[in-house]
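# Structural description and commentary
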Amino acid sequence: MLRILRFHINDPFYNMAIDEAITKCVGENLSPPTLRLYGWWPRAVSIGYFQEIKEEVNLEFCKENNIEVVRRITGGGAVIHTEGELTYSFIVKNDGKYVPFDIEESYKIICTPIINALKRIGVNARFRPINDIEVEGRKISGSAQTRKYGAILQHGTLLLSFDYSLLSALKIKYEKLADKQLKDITKRVVSLKDLGYNISREEMAEILAEEFKKYFNVEIFYGEINEFERKLAMELINKYKSYEWNYRR
Amino acid sequence: MSGIIEGDFLKTVIRKYEKLLKVSIEKEGDIIKNIRISGDFFIYPEEALDELEEFIKNKSINDLKNELEKFIKNKNIIILGFKINDLLELIENA
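Residues numbered from 1 in each chain as written. Chains lettered and ligands numbered in written order. Predicted model: local features only at pLDDT ≥ 70, side-chain atom pairs only at ≥ 80, totals over all residues. Heavy atoms only, no water.

Right, let's get into the interface of chain A and chain B. Facing 27 residues of chain A, the contacting portion of chain B comprises 26 residues. Across the chain A to chain B interface the summed buried area is about 2200 Å²; carbon plus sulfur atoms make up 57%. One can count 8 salt bridges joining chain A with chain B. Note that lysine 22 of chain B is salt-bridged to glutamate 52 of chain A, the shortest N-O span being 2.5 Å. Taken together, the connections running from chain A to chain B amount to 16 residue pairs in polar contact (both at pLDDT 80 or more). In terms of residue count, the dominant contributor to the side of chain A that touches chain B is strand S9 (residues 138-148) of chain A (6 residues). Partitioned by chemical class, the residues of the side of chain A that touches chain B number 9 nonpolar, 8 polar and 10 charged. (Contact = heavy atoms within 4.5 Å. Buried area = accessible area lost by both parts, 1.4 Å probe. Salt bridge = Lys/Arg side-chain N within 4 Å of Asp/Glu carboxyl O. Polar contact = N/O pair within 3.5 Å; in protein donor to acceptor, adjacent residues only side chain to side chain. Helix = DSSP H or I, 4+ residues; strand = E, 2+ residues; numbered from the N terminus. Nonpolar A, V, L, I, M, F, W, Y, C, P; charged D, E, K, R; others polar.)

Turning to the side chain of glutamate 229 of chain A, a few remarks are in order. Residue and element names in this part refer to chain A. With respect to the helices and strands, glutamate 229 occurs in helix H7 (residues 227-241). Of the residues examined, glutamate 229 reaches a relative accessible area of 0% and is grouped as buried. When near neighbours in sequence (up to four residues on either side) are disregarded, glutamate 229 contacts Arg3, Ile18, Ala21, Ile22, Cys25, Ser31 and Glu224. (Buried < 20%, exposed > 50% of the residue type's maximum accessible area, 1.4 Å probe, protein only.)

All names here are of chain A. End to end, helix H4 (residues 103-120) covers 26 Å across 18 residues, agreeing with the expected 26 Å (1.5 Å per residue, within 8%). Within H4, the full set of buried residues consists of Ile103, Ser106, Tyr107, Ile109, Ile110, Cys111, Thr112, Pro113, Ile114, Ile115, Ala117 and Leu118. Put simply, aspartate 102 is the residue that caps the front of H4, since its side-chain oxygen is 3.2 Å from the backbone nitrogen of glutamate 104. (Expected span 1.5 Å × (residues − 1).)

All names here are of chain A. Mapped onto the secondary structure, methionine 1 falls in the segment before strand S1 (2-10). Relative accessible area serves as the criterion here: at 53%, methionine 1 is assigned to the exposed category. Distance from methionine 1 to glutamate 219, taken between C-alpha atoms, is 5.0 Å for residues 218 residues apart in sequence. Apart from residues no more than four positions distant in its own chain, methionine 1 is found in contact with Pro32, Pro33, Tyr98, Val218, Glu219, Ile220 and Phe221.

This paragraph deals with the packing of helix H1 (residues 48-56) of chain B against helix H2 (residues 61-74) of chain B. Residue and element names in this part refer to chain B. Relative orientation of the contacting elements H1 and H2 amounts to 155 degrees, with a least axis distance of 11 Å. If you check the angle between H1 and H2, you find them roughly antiparallel. Considering how the two elements wind past one another, H1 and H2 form a crossing that is right-handed. Counted together, Glu51, Leu52, Phe55 and Ile56 of H1 and Leu64, Glu67, Leu68, Phe71 and Ile72 of H2 form the full contact between these two elements. Here the residues of the contact of H1 with H2 are counted per class, giving 7 nonpolar, no polar and 2 charged. (Axes fitted to C-alpha atoms, helices over the stretch in contact; angles between N-to-C directions. Parallel < 35°, antiparallel > 145°, perpendicular 65-115°, else oblique. Left-handed = near helix turned anticlockwise from the far one by under 90°.)

A few words on the pairing of strand S10 (residues 151-159) of chain A. All names here are of chain A. Most of S10 sits inside the fold, with 9 of its 9 residues counted as buried. Residues Ala151, Leu153, His155, Thr157 and Leu159 point to one face of S10 and Ile152, Gln154, Gly156 and Leu158 to the other, with burial holding for every one of them. Judged from the 9 bridges that link them, strand S6 (residues 85-93) and S10 form a sheet pairing that is antiparallel. For threonine 87, the partnering residue across the bridge sits in S10 and is threonine 157. Here S9 runs beside S10; their pairing, made up of 6 bridges, is antiparallel. (Pairing = 2+ DSSP bridges.)

Residue and element names in this part refer to chain A. Taken in spatial order, the 8 strands make up an open sheet running S7-S8-S9-S10-S6-S2-S1-S11, and their pairing is mixed. If you trace the sheet from one side to the other, it starts and ends with strand S7 (125-128) and strand S11 (220-222), each paired once. If you compare each strand with its neighbour and ignore which way they point, the axes differ by 20 degrees on average. Of the strand pairs in this sheet, strand S8 (residues 132-135) and S9 are connected by 4 bridges, and their pairing is antiparallel. Bridge assignment links isoleucine 133 to a residue of S9, and that residue is serine 141.

On to the confidence of the model for chain A. Caution applies to low-pLDDT parts of the model: their predicted coordinates are not meant to be read in detail. Chain-level statistics for chain A give a pLDDT mean of 95 and a share of 95% at 70 or above. This model gives residues 175-180 of chain A a pLDDT under 50, and the stretch forms 5 contacts once residues within four places in sequence are excluded. (pLDDT = per-residue confidence, 0-100.)

So, in C-alpha cells, the structure goes:
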C-alpha cells in the first residue's frame with residue numbers, strides 16, 4: 001500500500017525536515033511507502049547538498065523579497081520554489097521492491113509516472129537523464145534522490161507556472177553567459193501555463209497520485225503524517241534552519 | 001564551458017560535464033594542500049564527498065591518478081554527473 005499525503009503547503013524548513021523524517025521512518029518500518037505532494041510558503045530557494053550557497057544564491061535579492069534559503073539532503077542544483085510549482089517526494093524502502101538498486105535507472109523509474117501524468121493532460125514529456133523531465137527540449141521537472149536510513153527519497157518539482165523575474169534569486173555561475181542569463185534560462189525552462197495548460201496544484205497532485213498507483217501497480221490510501229514522523233521533523237527542523245547546515249559549503 | 005578564478009589562497013576551476021563541477025584548490029608544487037569540490041552533481045552516499053576531499057589532501061597529482069579510482073571503488077562511492085577523469089583533469093589544470 002502506498003500512502004498519499006495530499007497536497008499541502010508548508011514552510012521551507014519544515015518541508016525539508018518532514019521529507020527526511022519520512023525517509024528515516026520508512027527505512028525503520030515506522031511508516032509505509034509514501035508519495036507526498038506539497039508546496040512552499042514563503043517562497044524559497046533550495047540548494048543541492050554539494051553546492052556552495054554563496055555561489056548559487058543571490059542572498060541579498062532573497063532577503064529583499066522574503067525568499068527563504070534552505071539546503072537539501074539531496075544533490076543536484078538550486079531550485080526556486082514558488083506558488084506555481086508542485087513538489088513531490090516519493091519515499092520507499094531501499095529493498096528493490098519498488099525501485100531498482102541502480103541509481104541512474106531508478107531516476108527514470110520514478111520519473112515515469114510523472115511523465116505519464118503529463119501525457120494524460122496532453123503534454124508530450126520525456127525523461128532526460130540524469131534527473132530531468134523535458135517538453136520539447138525545455139525542462140519542466142527536475143528531481144533529486146538520496147538513499148539513507150535504508151530508504152530511498154526522491155523529491156522533485158513540476159512547474160505549473162513560473163514568474164521568470166524570480167530567477168534573479170539564483171546566481172547562474174556560467175560567467176560567460178551572465179549578460180544573457182535570463183534569456184538563456186527562459187529558453188531552457190517551461191511551465192504548464194507556458195504550454196497553455198491551466199491546472200491547479202491540487203488537480204495535478206490527484207493525477208500524479210493516480211499515475212503512481214498505476215505505474216507501481218499498488219493500492220493507495222490517503223493518509224496523514226504519523227506521530228513518529230511529526231516528532232522527528234520537529235527535531236530536524238532546527239538543522240534545516242541552522243547556519244551550520246545551510247552554509248556548510 | 002570552463003573558467004579559472006583566482007581568489008584567496010585557492011584557485012578555482014569550473015567546468016560543465018554532465019553536471020557542473022567546481023574545484024577550488026591550493027597546491028604547493030605538485031602537492032594538493034587543500035581542496036573543496038562543489039557543484040550540482042550527485043554522490044552516493046553524500047557524506048563521501050568529505051572523505052574524498054580528505055583523501056585528496058597532501059597527495060601529488062601523480063599519486064591521485066593511481067589511487068583515486070581505487071579509493072572510490074573500495075568505498076562503493078557512486079558519482080553521477082562527472083567522471084573520475086574529469087575531476088583529475090580539473091585538479092591538474094587548477
